[in-house]
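Commentary on secondary and tertiary structure
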There are 2 protein chains.
Amino acid sequence: MAIGDVPVVETAQFGRSVGVVQTRSITFDDPLELESGARLAAPWTLAYETYGQLDERGSNAILICHALSGDAHVAGLHSPLDTRPGWWDAFVGPGRAFDTDHYFVICSNVIGGCAGSTGPASVEPGTERPYGSRFPFVTIGDMVAAQARLLDALGIERLLAVAGGSMGGMQALQWAAAYPERVGGVLAIATTARSNAMTIALNAIGRQAIMRDPNWRGGDYYSGPVPADGLAIARMVGHISYLSEQSMAEKFDRRLQWRPAYQYTVEPEFAVESYLDHQGRSFVRRFDANSYMVITKAMDYFDLPGRYGSLRRALGRTGAHFLVLSFTSDWLYPTSESLALTAGLRQAGRPVIQIELASSKGHDAFLIEDGTMTPIIAEFLAGLD
Amino acid sequence: MAIGDVPVVETAQFGRSVGVVQTRSITFDDPLELESGARLAAPWTLAYETYGQLDERGSNAILICHALSGDAHVAGLHSPLDTRPGWWDAFVGPGRAFDTDHYFVICSNVIGGCAGSTGPASVEPGTERPYGSRFPFVTIGDMVAAQARLLDALGIERLLAVAGGSMGGMQALQWAAAYPERVGGVLAIATTARSNAMTIALNAIGRQAIMRDPNWRGGDYYSGPVPADGLAIARMVGHISYLSEQSMAEKFDRRLQWRPAYQYTVEPEFAVESYLDHQGRSFVRRFDANSYMVITKAMDYFDLPGRYGSLRRALGRTGAHFLVLSFTSDWLYPTSESLALTAGLRQAGRPVIQIELASSKGHDAFLIEDGTMTPIIAEFLAGLD
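The rules behind these values
Residues numbered from 1 in each chain as written. Chains lettered and ligands numbered in written order. Predicted model: local features only at pLDDT ≥ 70, side-chain atom pairs only at ≥ 80, totals over all residues. Heavy atoms only, no water. Helix = DSSP H or I, 4+ residues; strand = E, 2+ residues; numbered from the N terminus. Rg over C-alpha atoms; globule rule 2.2 N^0.38 Å. Buried < 20%, exposed > 50% of the residue type's maximum accessible area, 1.4 Å probe, protein only. Areas by Shrake-Rupley, 256 points an atom, 1.4 Å probe, with all protein chains shown as cover. Contact = heavy atoms within 4.5 Å. Buried area = accessible area lost by both parts, 1.4 Å probe. Salt bridge = Lys/Arg side-chain N within 4 Å of Asp/Glu carboxyl O. Polar contact = N/O pair within 3.5 Å; in protein donor to acceptor, adjacent residues only side chain to side chain. Least-squares fit on C-alpha atoms with pLDDT ≥ 70 in both. Phe/Tyr/Trp six-rings, centres within 6.5 Å; stacked < 30°, edge-to-face > 60°. Pairing = 2+ DSSP bridges. Axes fitted to C-alpha atoms, helices over the stretch in contact; angles between N-to-C directions. Parallel < 35°, antiparallel > 145°, perpendicular 65-115°, else oblique. Left-handed = near helix turned anticlockwise from the far one by under 90°. Nonpolar A, V, L, I, M, F, W, Y, C, P; charged D, E, K, R; others polar. Right-handed = clockwise from strand over helix to strand, strands pointing away. Core = buried A, V, L, I, M, F, W, Y, C linked by side-chain atoms within 4.5 Å. Expected span 1.5 Å × (residues − 1).

Moving on to the overall build of chain A. The helix and strand tally for chain A stands at 12 helices and 14 strands. Expected size for 385 residues packed as a compact globule is a radius of gyration near 21 Å; at 20 Å, chain A falls within 12% of this value. With respect to the principal axes defined by its C-alpha atoms, chain A has extents near 65 × 50 × 45 Å. Put simply, chain A has 385 residues, and 63% of those count as buried. Split by element, the accessible area of chain A, about 13700 Å² in all, is 50% carbon and sulfur.

This is how it looks when you write it as structure tokens:
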């Protein structure tokens, strides 16, 4: 059972939890040059977590990249009293898909985020106020360039693999395009090499909802109330795209939440309405609206074939092996996107395993379906050793 | 080519326009008892249009029911200078699917609407102010009961057929359930007999966006600014559900609207963003937010099997023949909904023709695909004669 986008511990069919972990951070003293031509001023910070041990040759490092609303906390608990583990806990730990008895796993919060890395809510260097509207828009390429700086600092020259679902998969693909020699394997899960009109539209509605919230004030809202209503609506739109018609029917059907009969009022009555309302409210407590703007824009700009001329050119310089996974009921990044990616990889001469997994869970499947995904991921990683 | 949900005249492959038509209205002097137990006070009004001539036996009447944002203006122009015809113009006219040389076609704006029929923006009887928050919530059953009163007034005892797409299809099915002897044929297009969690969720987000707009003021906003931002967001969410991934790719792909390169700003840049923004703005000029609330709630309450115990019981008392159409790329009311409806009709022993039409246009297909739909509709209607 999944609550929102966080699978609870009991879902794990494989291995053990990594236990209690801590988020660390690293600060860089020179600016980060951005694809837009702007720069992210120094000092800037990345929050990250690691699990397992780096081997002596530095050859067992795996970078996991998070999705839109994720963070560096992939697995384990921050304290023994935590009720929720990291967002991919069922996949990362001893004996799990990313086996921390064998691999050194790293995950960092993206730049532009709001979970420890420098983002719009961070204090702008040289001032005493948050960036707000002055935070530069970033790209998936910029997120990855920042991660490369983290790996440099950790002494990791080459990744055994880079993995991610959704926007995390975009970053994994970007790694192979931007740092072709630093990546041995790419796991691109429930993702695309090129954001399309539908995904841009869904993100755009979220941004419109935020910008039309009177508390938005152009992004400079940190001294007052935040644009909570706009961000909540954005999250609700997101959640619809993360579920499938079938998973919604399974979870909610037409069940009424509080009363046995229709109330004929404006208030939410159906369980699915209550769910969306809850998701909106809880997201507002943990996420910054400006980060939502910046990160969704980065996703919309993502277009590997557009950026490099073709997918073949984008992914033809790496020696990496690719694992491309999709899910039958995912309508946000459907299998057709994976097939387009796979076709490009084949044209580029890259070894690629492409698998469509049966799931009723929609896009959220990549967070939940550890049962079917674990053996596939484990075998793919073992083949890279 | 379709602009928003209105097909332009040139799409028609069959027949001729009905020419210039007028919307009329009829006012009822006794209250309408509603399914909720509330009543719609007298006087209340229905706006309607008719096309063609009622024959002497009164046996050639077809009622067309509109969808969420539709109105009584199905076909033709309101003046020779109009640039846009009615919303189903390609389907209604001499030689068209609903051939006005043979049939007398009627369409009325639903109660709760904002295009001439009594709705939340209407003056509440006994007061000098609009209903606003005091307008009673209605059901699809109430909309149909109001239409039955219109037919009574027009002297039409029995409909040759009742037809509609989307929420119009819900009304058509409701007709067969509530007035089993008054309907000869039912055309249920791109619709369902039972709103599911996904469609409720999409409607709920629209309502949340409206209610979180500070101008909403509980629905009593007519003396001040309207909740335009909330309604615009609701419409944008709607538009995403009316299109398909493929139709969005065909219309917009990743095309930039104004500049040749990314601008790295919060402003809309992609063509699909500009489209959604335009749809939101234009909807606000013609639609009332309270009507959006009331009508989407009516859709969410719609559940024929729940209301009657089963689909078999709901549709087993009519002698009507059924035509059930769906479209391959419609993910709002996909073919699975049509198949569930058809299964219920077969259990009820009703003659049913169920056809899935190939279209890339998503849910909007029912407004656009006159080329494939016209021969099917025409043949079905001819079989009812």
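After presenting the structure, the write-up continues.
It is worth spelling out the interface of chain B and chain A at this point. Often, the extent of an interface is quoted as the loss of accessible area upon association of its parts. Taken together, the contacts link 58 residues of chain B with 58 residues of chain A. In terms of surface lost to chain A, no three residues of chain B exceed Arg212, Arg254 and Tyr264 of chain B, which account for 16% of the buried area on that side. At the boundary of chain B with chain A, the tally comes to 12 salt bridges. For the salt bridge of Lys297 of chain B with Glu269 of chain A, the shortest nitrogen-to-oxygen distance reads 2.7 Å. In this structure, the connection of chain B to chain A is made through 30 residue pairs in polar contact (both at pLDDT 80 or more). Secondary structure elements with two or more residues in the side of chain B that touches chain A: α3 (197-211), α4 (228-242), α5 (245-251), α6 (271-286), α7 (289-301) and α10 (335-347) of chain B. The greatest single-element share of the side of chain B that touches chain A, amounting to 11 residues, is contributed by α3 of chain B.

Here the focus is the relation of the copies chain B and chain A. Between chain B and chain A, the superposition needs a rotation of 180 degrees and an axial shift of 0.0 Å, giving an RMSD of 0.0 Å. What the superposition gives is, in effect, a two-fold axis relating one chain to the other. The overlap is high: 100% of the interface residues of chain B also sit at the interface in chain A, so the same surface is used on both sides.

Quick look at the packing of aromatic side chains now. One pass over the full model with this rule turns up 35 aromatic pairs over all chains. With centroids separated by 4.3 Å and ring planes inclined at 25 degrees, the aromatic side chains of Phe28 of chain A and Trp44 of chain A adopt a geometry described as stacked. With Phe28 of chain A in strand β3 (residues 24-28) and Trp44 of chain A in strand β6 (residues 44-51), this residue pair connects regions lying 16 residues apart in the sequence. For the pair Phe28 of chain A and Trp44 of chain A, one class covers both residues: buried. Between the aromatic rings of Tyr301 of chain A and Tyr264 of chain B, the centroid separation amounts to 4.9 Å while the plane-to-plane angle is 55 degrees, which identifies the pairing as tilted. You can see Tyr301 of chain A sitting in helix α7 (residues 289-301) and its partner Tyr264 of chain B sitting in the loop between α5 and α6, one on each of two chains. Residue Tyr301 of chain A shares its accessibility class with Tyr264 of chain B, and that shared class is buried.

Moving on: the side chain of Arg212 of chain B. Tracing the sequence through the fold places Arg212 of chain B in the loop between α3 and α4. One polar contact links Arg212 of chain B to Gln208 of chain B, side chain to side chain, over a distance of 2.8 Å. Setting aside anything within four residues of it in sequence, one finds Arg212 of chain B in contact with Asp229, Ala232, Ile233, Met236 and Asp277 of chain A.

This next bit is on the sheet that holds strand β10 (residues 104-108) of chain A. Residues and elements named next belong to chain A. With respect to topology, 8 strands assemble into an open sheet ordered β3-β6-β10-β7-β11-β12-β13-β14, the strand pairing being mixed. Each edge of the open sheet carries a strand with a single partner, namely β3 and β14 (352-357). Averaged over neighbouring strand pairs, the angle between their axes works out to 20 degrees when direction is ignored. Bridge count between strand β11 (residues 161-165) and strand β12 (residues 185-189): 4 bridges; the pairing is parallel. For Gly164, the partnering residue across the bridge sits in β12 and is Ala188. Docked against the sheet, helix α2 (residues 167-178) engages β7 (61-65), β11, β12 and β13 (321-327), running at close to 150 degrees with respect to β11.

Residue and element names in this part refer to chain B. Contact geometry of α3 with α7 gives a least axis separation of 10 Å together with a crossing angle of 155 degrees. Considering the angle they form, α3 stands roughly antiparallel to α7. Where α3 crosses over α7, the two elements pack in a sense that is left-handed. Of the residues in α7, those in contact with Thr199, Ile200, Asn203, Gly206, Arg207, Ile210 and Met211 of α3 are Ala289, Tyr292, Met293, Thr296, Lys297, Met299 and Asp300. The class makeup of the residues in the contact of α3 with α7 is 7 nonpolar, 4 polar and 3 charged.

Summed over the entire model, instances satisfying the criterion amount to 34 salt bridges over all chains. Here Arg134 of chain A ties to Asp220 of chain A by a salt bridge, and the two come within 3.7 Å at their closest N and O atoms. Residue Arg134 of chain A is located in the loop between β10 and α1 (140-154), and its partner Asp220 of chain A is located in the loop between α3 (197-211) and α4 (228-242); the two are separated by 86 residues in the primary sequence. Arg134 of chain A sits in the partly exposed class, given a relative accessible area of 31%. Its relative accessible area of 32% is what places Asp220 of chain A among the partly exposed residues. The closest approach of N and O atoms between Arg281 of chain B and Asp277 of chain B, which form a salt bridge, is 3.0 Å. Here Asp277 of chain B and Arg281 of chain B lie together in helix α6, a separation of 4 residues that amounts to about one turn. Salt bridges here are not isolated pairs; linked through shared partners, they connect Arg194 and Asp303 of chain A together with Asp253 and Arg254 of chain B.

Residues and elements named next belong to chain B. By the bridge criterion, 6 bridges tie strand β13 (residues 321-327) to strand β14 (residues 352-357) in an arrangement that is parallel. Within β14, the residue paired with Phe327 across the bridge is Leu357. Each parallel crossover has a hand, and for β13 linked through α10 to β14 it is right-handed.

This part is about the nonpolar core. Ranked by size, the top nonpolar core spans 188 residues in total, and within it Leu315 of chain A together with Leu315 of chain B carry the most contacts. Tallying contributions element by element places α3 of chain B first for this core, with 9 residues. Setting aside anything within four residues of it in sequence, one finds Leu315 of chain B in contact with Leu173, Ala176, Ala177, Leu304, Phe322, Leu341, Leu345, Ala348 and Arg350 of chain B.

Residue and element names in this part refer to chain B. The terminal C-alpha atoms of helix α2 (residues 167-178), which comprises 12 residues, lie 16 Å apart, in line with the 16 Å expected from a rise of 1.5 Å per residue. Burial of α2 is extensive: 11 of the 12 residues sit out of reach of the surface. Along α2, the residues classified as buried are Met167, Gly168, Gly169, Met170, Gln171, Ala172, Leu173, Gln174, Trp175, Ala176 and Ala177.

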